Amino acid sequence: LSQLLPLRYVTPQETPANLSTTAPRLAGETLEKALRRQRADWLTELQTCASELHLEPCLALVTQLPPEEADLARSLQELADSYRFDLILEALGVEAIDN
């Protein structure tokens, strides 16, 4: 499979330096606090697509954020682009299933 796709397998012992293990901090606040300001239905949709590991729907939700939430949008986009749905779920207060 790795010969067909440009994939690199990462084992728990070799976490790349650019792969953060914590959610990014926004300007003066945590991701969790910034998410608490959002509509309940939007948060439910974000939780659903993050728990199902669906990149495109998560990114589509990020584009719905108003301009004053640019820091939140940037942080969520970085996490989604890095497939760190576990950190998005953690910020939402949901435990990710670790298999």
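Residues numbered from 1 in each chain as written. Predicted model: local features only at pLDDT ≥ 70, side-chain atom pairs only at ≥ 80, totals over all residues. Heavy atoms only, no water.

Caption draft 1: Seen up close, helix 2 (residues 40–51). The end-to-end C-alpha separation of helix 2 is 16 Å, in line with the 16 Å expected for 12 residues at 1.5 Å each. Considering only its buried residues, helix 2 is in contact with helix 1 (31–36), helix 3 (55–63), helix 4 (70–81) and helix 5 (85–91). Once helix 2 ends, the next one or two residues include L53, with phi positive near 60 degrees. (Helix = DSSP H or I, 4+ residues; strand = E, 2+ residues; numbered from the N terminus. Expected span 1.5 Å × (residues − 1). Contact = heavy atoms within 4.5 Å.)

Caption draft 2: Quick look at the packing of aromatic side chains. A full pass over the atoms with the stated rule returns one aromatic pair. Where Y83 meets F85, the ring centres are 5.9 Å apart and the plane angle is 75 degrees; that geometry is what we call edge-to-face. (Phe/Tyr/Trp six-rings, centres within 6.5 Å; stacked < 30°, edge-to-face > 60°.)

Caption draft 3: Examining the nonpolar core more closely. L35, W42, L46, L76 and I88 are the most contacted members of the largest nonpolar core, which totals 24 residues. What L46 contacts, discounting residues up to four positions off in sequence, is L35, C58, L61, L76, I88 and L92. (Core = buried A, V, L, I, M, F, W, Y, C linked by side-chain atoms within 4.5 Å. Buried < 20%, exposed > 50% of the residue type's maximum accessible area, 1.4 Å probe, protein only.)

Caption draft 4: Expanded view of helix 3. Within helix 3, burial applies to L55, C58, L59, L61 and V62. Down the axis of helix 3, the buried set is contained in an arc of 155 degrees. They therefore lie on one face. Opposite the buried face of helix 3, by more than 90 degrees, sit the exposed residues E56 and T63. Next to the buried residues of helix 3 lie helix 2, helix 4 and helix 5. (Arc of directions from axis to C-beta.)

Caption draft 5: Highlighting the environment of L35. With respect to the helices, strands and loops of the structure, L35 is situated in helix 1. Residue L35 is classed as buried on the basis of its relative accessible area of 2%. With 41 residues separating them in the primary sequence, L35 and L76 have C-alpha atoms 9.9 Å apart. Setting aside chain neighbours within four positions, we find L35 in contact with W42, L43, L46, L72, L76, A91 and L92.

Caption draft 6: Examining the packing of helix 3 against helix 4 more closely. Helix 4 packs onto helix 3 with a crossing angle of 175 degrees between their chain directions and a minimal axis gap of 10 Å. When the axis of helix 3 is compared with that of helix 4, the two are roughly antiparallel. Residue-level contacts link L55, L59 and V62 of helix 3 to A73, L76, Q77, A80 and D81 of helix 4. Classifying every residue of the contact of helix 3 with helix 4 gives six nonpolar, one polar and one charged. (Axes fitted to C-alpha atoms, helices over the stretch in contact; angles between N-to-C directions. Parallel < 35°, antiparallel > 145°, perpendicular 65-115°, else oblique. Nonpolar A, V, L, I, M, F, W, Y, C, P; charged D, E, K, R; others polar.)

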